[in-house]
Amino acid sequence: MDRQALEELIQADIDGALSSPEHAELARVLMQDPEARRLHDEYRRLDRVLRGIPKAEPPPELRAEVLAATSGAVAARPAGARWSAWRVAASVLGGLLVVGLAYLLLDAREYRNELQGSVIATPGERLDLRAEGAEMQARALRSGEQLRLEVRVSAARPVEVVVNFDPTVTTFLGGADLAPQDAQAGRLAIAAEPGSRQMTFQFSGHGRVSLQLRAGDQVLDEGILRAD
Amino acid sequence: MGDSVDAARVRACLGGDSRAFGELVEAYEKPVYNVALRMLRNVEDARDVAQTVFLKAYQGLASYDPQYKFYSWIYRMAINESLNMLRSRGREAGPVDESHPADGDGPSETLDEDQARERILAAVDRLKPEYRAVVVLRYFVDRDYEEMGQILGIDAKTVKSRLYTARQLLKDQLPREVP
């Protein structure tokens, strides 16, 4: 048996791929030839070393990143990390970009240029609240678990914008100069001085959001955004 | 992983059950990441490739042919994405016995098992990608000749031949055993 044939037999033996006759042939050669035994030992040791290399654990956040990207939302990655997930998610949602741009271009509402949403989000419901001397437009943009609420309020007098949500299913993440802990039992209240003000709120979860335009204790107008 | 389980998950996913895709990710994130890591030897690149593989799998789930095993499909993507990354970053190395002599004092020196593993891992990294791929599939996701052939789109005989050459090259980098 030449060297190549012997090495092929040894490697097939290591892979458990020898037939019975081949196995018997290899056993006979190993009995007779010390050089064959040395070679067999070397390949066995290589196999053992390779099998002894530990399997690496994937980064703990990998699964969440993948699932966030496939559900339409891209999870935040640590600073300095690269954004292939973002790149691929962007390609996944490329079609939505076109739709989103068309939506923005075709929308004749007055505030369309001031309340532009994320290109990866599906346009959500809008809500117009009006009262004498005050009006408010709101739009919800959902992207997976993430919800962005964009509000523009114009008033000739001091008013208050109140956002209500169910804190058991929706979490306020921040926005309009408020921190998450500023949400009291699912209620956010923002004072708006006369003039025009735009504000953005970030939430996670799937609940609905209701809005009120208030002046002191008086509710001027209210409505619900279908953001779930 | 049972292939019938995977097939059921794919069907559920295509039927709108997003949890089913989460189960597929959970089942395959470790092997896919390990394939990429051993092909690329870089944790960030491996992470990027693993993400890309799962996202492309999600996008292309409707094109998955259930007559093939799911792992063949996803491991093939992992290998191909790794090769793409190697090509795009110009990191293809020459064969281990031609371009990169072993580190240290050479293969005849005596090293313990941990050092031997490091030496062999470094040698795997210097194999040509087609040889590295069969070593990775054999030793990091435990595939046999037929399965490797399916994954790589080559016949089992070619798999055996590549594995034979790869092991020959690696064996020459194996240090002597500690007495």
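Residues numbered from 1 in each chain as written. Chains lettered and ligands numbered in written order. Predicted model: local features only at pLDDT ≥ 70, side-chain atom pairs only at ≥ 80, totals over all residues.

A. Here's a closer look at the overall build of chain A. Scanning chain A from terminus to terminus reveals 6 helices and 9 strands. In chain A, which comprises 228 residues, the share counted as buried stands at 29%. For chain A, contacts bridging at least 24 residues in sequence account for 55% of all contacts bridging at least 6. (Helix = DSSP H or I, 4+ residues; strand = E, 2+ residues; numbered from the N terminus. Buried ≥ 20, exposed ≤ 12 C-beta atoms within 10 Å, placed from the backbone. Contact = placed C-beta atoms within 7 Å.)

B. Structural view of the overall build of chain B. Helix and strand counts for chain B come out as 8 helices and 0 strands. With 179 residues in all, chain B has 45% of them scored as buried. Here the contacts in chain B between residues at least 6 apart in sequence split such that 70% fall between residues at least 24 apart.

C. Molecular detail of the nonpolar core. One finds Val35(B), Ala36(B), Ile74(B) and Ala78(B) to be the most contacted residues of the largest nonpolar core, which totals 61 residues. A total of 11 residues in this core trace back to one element, the largest contributor, which is helix α2 (residues 18–40) of chain B. Apart from the residues lying within four places of it in its own chain, the contact partners of Ile74(B) are Tyr28(B), Val32(B), Val53(B) and Ala57(B). Core analysis: the second largest hydrophobic core is formed by 27 residues, Leu129(A), Ala134(A), Val151(A) and Phe201(A) among them. (Core = buried A, V, L, I, M, F, W, Y, C linked by C-beta atoms within 7 Å.)

D. Structural detail: helix α3 (residues 34–51) of chain A. Helix length check: α3(A), at 18 residues, gives a terminal C-alpha distance of 26 Å against a target of 26 Å (1.5 Å per residue), a fit within 8%. Within α3(A) the residues assigned to the buried category are Ala36(A), His40(A), Leu46(A), Asp47(A) and Val49(A). Contacts made by the buried residues of α3(A) are with α1 (3–14) and α2 (20–32) of chain A together with α5 (113–125) and α8 (156–171) of chain B. (Expected span 1.5 Å × (residues − 1).)

E. Looking closely at the confidence of the model for chain B. Mean pLDDT over chain B stands at 85; residues scoring 70 or higher make up 84%. Interface confidence for the predicted complex, expressed as ipTM, amounts to 0.86; the pTM equals 0.59. (pLDDT = per-residue confidence, 0-100.)

F. Region of interest: the sheet that holds strand β9 (residues 218–225) of chain A. Residues and elements named next belong to chain A. As summarised here, the arrangement of the 4 strands in space is β6-β4-β8-β9, forming an open sheet in which the pairing is antiparallel. Two strands close off the open sheet at either side, each with one partner strand: β6 (187–192) and β9. Taken pair by pair, the neighbouring strands of this sheet meet at an average axis angle of 20°, ignoring direction. One ladder, built from 7 bridges, connects strand β8 (residues 209–215) with β9; its direction is antiparallel. (Pairing = 2+ DSSP bridges. Axes fitted to C-alpha atoms, helices over the stretch in contact; angles between N-to-C directions.)

G. Local environment of the interface of chain A and chain B. Contacts between chain A and chain B engage 32 residues on the former and 35 residues on the latter. If you list the elements that add at least two residues to the side of chain A that touches chain B, you get α1, α3, α4 (62–70) and α5 (84–92) of chain A. Here the side of chain A that touches chain B is built from residues that sort into 17 nonpolar, 5 polar and 10 charged. (Nonpolar A, V, L, I, M, F, W, Y, C, P; charged D, E, K, R; others polar.)

H. Structural context of unusual backbone geometry. With phi around 65°, Asp177(A) is a residue other than glycine that occupies positive phi space. If you trace the backbone, Asp177(A) turns up in the loop between β5 (170–175) and β6. The class of Asp177(A) is exposed, set by 8 C-beta atoms lying within 10 Å. Notably, Asp142(B) is not glycine yet its phi reads approximately 55°, a positive angle. Structurally, the position occupied by Asp142(B) is in the loop between α6 (129–139) and α7 (145–152). Since 10 C-beta atoms lie within 10 Å of it, Asp142(B) is described here as exposed.

I. Representation of α8(B) in the model. For α8(B), with 16 residues, the first-to-last C-alpha span of 22 Å sits near the 22 Å given by 1.5 Å per residue. In the core, the buried residues of α8(B) are packed alongside α1 and α3 of chain A together with α5, α6 and α7 of chain B.

J. Summary view of the packing of α2(B) against helix α4 (residues 70–88) of chain B. Residue and element names in this part refer to chain B. Running from amino to carboxyl end, α2 crosses α4 at an angle of 30°, the nearest separation of the two axes being 9 Å. Between α2 and α4, the interaxial angle falls into the category roughly parallel. As for the relative orientation of α2 and α4, their crossing is right-handed in sense. The segment α2 lies against α4, with Tyr28, Val32, Val35, Ala36, Met39 and Leu40 engaging Ile74, Tyr75, Ala78, Ile79, Ser82, Met85 and Leu86. (Parallel < 35°, antiparallel > 145°, perpendicular 65-115°, else oblique. Left-handed = near helix turned anticlockwise from the far one by under 90°.)

K. Structural detail: the packing of α6(B) against α7(B). All names here are of chain B. At a minimum axis distance of 10 Å, the contact between α6 and α7 shows a crossing angle of 130°. Classified by the angle their axes make, α6 and α7 are oblique. Like other packed secondary-structure pairs, α6 and α7 cross with a definite hand, here right-handed. Here Ala133, Val134, Leu137 and Arg138 of α6 lie close against α7, whose contacting residues are Met148, Ile151 and Leu152. Among the residues making up the contact of α6 with α7, the classes are represented as 6 nonpolar, no polar and 1 charged.

L. Local environment of the environment of Ile154(B). Residues and elements named next belong to chain B. Looking at the secondary structure, you find isoleucine 154 in the loop between α7 and α8. A tally of 16 C-beta atoms within 10 Å means that isoleucine 154 is categorised as partly exposed. Once residues lying within four places of it in the same chain are set aside, the contact partners of isoleucine 154 are Gly149 and Val159.

M. Just the pairing of β8(A), in detail. Of the strand pairs in this sheet, strand β4 (residues 159–165) of chain A and β8(A) are connected by 6 bridges, and their pairing is antiparallel. If you follow Val163(A) over to β8(A), its bridge partner there is Leu211(A).

N. Representation of the confidence of the model for chain A. All names here are of chain A. Here chain A averages 77 in pLDDT, while 76% of its residues score no lower than 70. Considering only residues more than four positions removed or in separate chains, one finds that residues 73–83, a stretch of pLDDT under 50, has 17 contacts. This stretch, residues 98–123, has a pLDDT under 50; its non-local contacts, to residues over four places away or in other chains, come to 32 contacts.

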